[in-house]
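Architecture at a glance
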Amino acid sequence: MREDPSPTKRNPLAFLAVVLFLNGIVLIWLAWQVRSHLHETTTARGRHLRIEELRGIIVHLDEVLTMSARMAAATGDPQWEKRYRGFEPKLDAAIKEAIKLAPEAFSGEMAAATDAANMKLVGMENSAFELIRERRAEEARSLLFSDEYETQKRIYAQGMTHFAQRKDRYLRLGELRGIILHLDEVLTMSARMATATGDLQWEKRYRRFEPVLDTAIKEAIKLAPAAQHGKSAAKTDAANIKLVDMENRAFDLVRRGRADEAKTLLFSDEYETQ
């Protein structure tokens, strides 16, 4: 005679359904994360392309202003000053947009030197136009073809090259931020899935992505070393150490058949706080 199933026995089909449900949730979450990351990357690349366009525009318009001023000095024709004034606000607008898109590229000693060179160039060009209006074109020519003018042009050109280099670093840091946030969630959810299902395949996944996250963090620190200093960075580092420790303890508990304790650890208030 068949015995009635005991209500205390575990139903394997129900357990399998729970596991499949959790797997489904994780897959949906991962798909959303990938899509989110792709959106961020696409946005960053769009910004990168615009910054590259602006660098070309700025270099071009700077040359337009230089040659307009020099042609005015060489010919004494006021039409060249009109051309200069027509393009001057376009250069200002391009520089302002570039600063808005990549503010860190316009900070530091090189940026200050570039700005100072630009101010000197503008000052010399306006002085030249004033001399031309006073019919002193020879003096205007001497000013705009002088060694000092060429020196300031060279400093300005170096600043634009530096801006291009900083722009590349800015783009990569934006990409790394998305990568780090994504991988941090991958590790968190891998550890939690291991505790929820008791399946150590999730630990294998965790171990596979762990060095990838470490590499991304090291590259970010290399690109922006100043960002690893200060109270906020210290708190972040301390939180990361605690999280890794709690996750490793959870994996150890799962391996010893104590999945409930592991689950309690990774779904605790302390874990959420960190």
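Values in this document were obtained by computation on a predicted structure and should not be read as measured data.

Topic: the overall build of the chain
When you go through the chain residue by residue, the secondary structure sums to nine helices and zero strands. Beginning at the N terminus, the succession of helices and strands in the chain can be written as α-α-α-α-α-α-α-α-α. The buried share among the 274 residues of the chain stands at 32%. The long-range fraction of contacts in the chain, counting pairs at least 24 apart against all pairs at least 6 apart in sequence, stands at 75%. Here the chain displays about 17000 Å² of accessible surface, and carbon together with sulfur accounts for 59% of that area.

A closer look at the packing of helix α3 (residues 109–133) against helix α4 (residues 137–144)
Where α3 meets α4, the closest approach of the two axes is 7 Å, and the angle between their N-to-C directions is 165°. Compared by their axis directions, α3 and α4 come out roughly antiparallel. Here α3 runs over α4; the crossing is left-handed. Contact residues: M124, E125, S127, A128, L131 and I132 in α3; A137, E139, A140, L143 and L144 in α4. Taken together, the residues of the contact of α3 with α4 break down into eight nonpolar, one polar and two charged.

Some remarks on the nonpolar core
The tendency in soluble globular proteins is for nonpolar side chains to be buried side by side. I58, L91, F129, I132, A140, L144 and Y156 are the most contacted members of the largest nonpolar core, which totals 26 residues. Of all the elements in the fold, those that place two or more residues in this core are α1 (12–75), α2 (79–101), α3, α4 and α5 (147–197). The element contributing the most residues to this core is α1, with eight residues. Non-local contacts of A140, meaning those with residues more than four positions away in its chain, are made with A73, A128, L131 and I132. Formed by 21 residues, the second largest nonpolar core is a distinct cluster that contains M193, Y206, F251 and Y271.

Things to note about the pattern of salt bridges
Tallied over the entire structure, the rule returns 19 salt bridges. With a shortest N-O distance of 2.5 Å, E134 and R136 are connected by a salt bridge. Taking relative accessible area as the criterion, R136 reaches 34% and is therefore assigned partly exposed. Measuring nitrogen to oxygen at the nearest pair gives 2.8 Å for the salt bridge that ties R136 to E139.

Focus: the confidence of the model for the chain
For residues with low pLDDT, the predicted coordinates do not support detailed interpretation. Mean pLDDT over the chain: 80, with 78% of residues reaching 70 or higher. Predicted confidence in the chain is weakest over α1, with a mean pLDDT of 71, and strongest over α4, with 91.

Conventions adopted
Along each chain, numbering runs from 1 in the same order as the chain's sequence is written. Per-residue local features of the predicted model are confined to residues with pLDDT of at least 70, and side-chain atom pairs are confined, for both listing and counting, to 80 or more; whole-chain, interface and lining totals are unaffected and use all residues. Computation of side-chain values covers all heavy atoms of the structure but excludes hydrogens and water. Helix numbers and strand numbers start at the N terminus; a helix is a DSSP run of H or I with at least 4 residues, a strand a run of E with at least 2. Exposure is judged per residue with a 1.4 Å probe applied to protein chains only, and the accessible area is read against the type maximum: over 50% gives exposed, under 20% gives buried, and values in between give partly exposed. Any pair of residues with heavy atoms lying within 4.5 Å of one another is described as a contacting pair. Note on areas: these come from Shrake-Rupley sampling with a 1.4 Å probe, and a residue is covered only by the protein chains present in the view. Convention adopted: a line fitted to C-alpha atoms gives each axis, helices being fitted over their contacting stretch, and angles between N-to-C directions are expressed from 0 to 180 degrees. Between 65 and 115 degrees an angle is taken as roughly perpendicular, under 35 as roughly parallel, over 145 as roughly antiparallel, and anywhere else as oblique. Two helices crossing with the near one rotated counterclockwise from the far one by less than a right angle form a left-handed crossing, whereas a clockwise rotation gives a right-handed crossing. Residue type decides the class: Asp, Glu, Lys and Arg count as charged, Ala, Val, Leu, Ile, Met, Phe, Trp, Tyr, Cys and Pro as nonpolar, and the leftover types, Gly among them, as polar. Here, nonpolar core means buried Ala, Val, Leu, Ile, Met, Phe, Trp, Tyr and Cys residues that are tied together by side-chain atoms lying within 4.5 Å of each other. Any Lys or Arg side-chain nitrogen located within 4 Å of an Asp or Glu carboxyl oxygen qualifies as a salt bridge. pLDDT: the predictor's confidence for each residue, scored from 0 to 100.

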